[in-house]
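Residue strings, one per chain:
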Amino acid sequence: CPTGKTLMKDGTCVSGCPNGTLMVCDAQGKNCECKPCEKNDCDKCVNDLSQCTTCTPPKVLKNGVCITPEECTNNPQTFVDPITKKCEPCPVLENCEECLNSTDCKKCKSGFIMEKGKCVPIPPTCTEQQYIENGECKNCSLTCDKCKGALDTDCTSCPTGKTLMKDGTCVSGC
C-alpha cells in the first residue's frame, strides 16, 4: 500500500476506518479490519472497541459511554460542555448547589442568591437608619437620619431641622 494507507484483510488499502469503527490488526500489524465500536451511538472508539471517545450527536460522552444531554443535565452535579460535547462534573463553585457550566451556578445553596452567575449571601434587611457593610447592618453616623455608609458625608437624609448638602453632610443652617 502507498504511504499513509493500511493493507486490509480483504486486500484493499485504506487511510482509516469510518466513524463508528476501529482498525484492529494482528500482532504483526497485518490482517487489519474495521470493527464496529461495541457501544451504541459511539462515533469513535479506542483500545478494546468498548471505550468511546466521541459520540454521534446529539449524544454526549460520559466516562466512555454515550448518553443523552438530558441524562447529563438531570444530575445537578454535571453539565454538558458545549465545546467537547462531554458530560462533565461541576467544578467547586462557592455556595453553589447546581452548576450551569464550568464557571456559572444554576442554583444556590440556602441563604444565598444568584448574582451574575455567582452565589452571594442574601443581604440582611436593615432599618432606614442603617447601611450594609460586609453583609451586616451598621448604624448610620449620628449626624444622619438615613445613610449609605458610615461617614458623616454618607447621609441620604437628615434629622428634622437639618439640611442635606450636595456632599452628603447634614448642616443646621446655610
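Data block above holds the structure.
Residues numbered from 1 in each chain as written. Predicted model: local features only at pLDDT ≥ 70, side-chain atom pairs only at ≥ 80, totals over all residues. Heavy atoms only, no water.

**Brief notes about the side chain of T78**
- In this fold, T78 is placed in strand β9 (residues 78-81).
- Since its relative accessible area comes to 10%, T78 is described here as buried.
- Polar side-chain contacts of T78 include one of 2.4 Å to the backbone oxygen of C72.
- Leave out the neighbours within four places in its chain, and T78 touches K62, C72, T73, C87, E88, P89 and C90. (Helix = DSSP H or I, 4+ residues; strand = E, 2+ residues; numbered from the N terminus. Buried < 20%, exposed > 50% of the residue type's maximum accessible area, 1.4 Å probe, protein only. Polar contact = N/O pair within 3.5 Å; in protein donor to acceptor, adjacent residues only side chain to side chain. Contact = heavy atoms within 4.5 Å.)

**Focus: the pairing of strand β14 (residues 118-121)**
- Pairing geometry for strand β13 (residues 112-115) and β14, over 4 bridges, is antiparallel. Along β14, the bridge assignment pairs M114 with C119.
- Counting the residues that bridge the hairpin from β13 to β14 gives 2 residues, and of these K116 lies at a positive phi of roughly 55°. (Pairing = 2+ DSSP bridges.)

**Quick look at the pattern of salt bridges**
- Inspection of every chain in the model, using the stated rule, returns 7 salt bridges.
- Between E33 and K9 there is a salt bridge, with its nearest N and O atoms 3.6 Å apart. Of this pair, E33 sits in strand β4 (residues 33-36) while K9 is found in the loop between β1 (6-7) and β2 (13-14), placing the two residues 24 residues apart along the sequence.
- The class of E33 is partly exposed, set by a relative accessible area of 29%.
- K118 serves as the salt-bridge partner of D104, at 3.5 Å between the closest nitrogen and oxygen. Here K118 lies in strand β14 and D104 lies in the loop between β11 (96-99) and β12 (105-108), a separation of 14 residues in the sequence. (Salt bridge = Lys/Arg side-chain N within 4 Å of Asp/Glu carboxyl O.)

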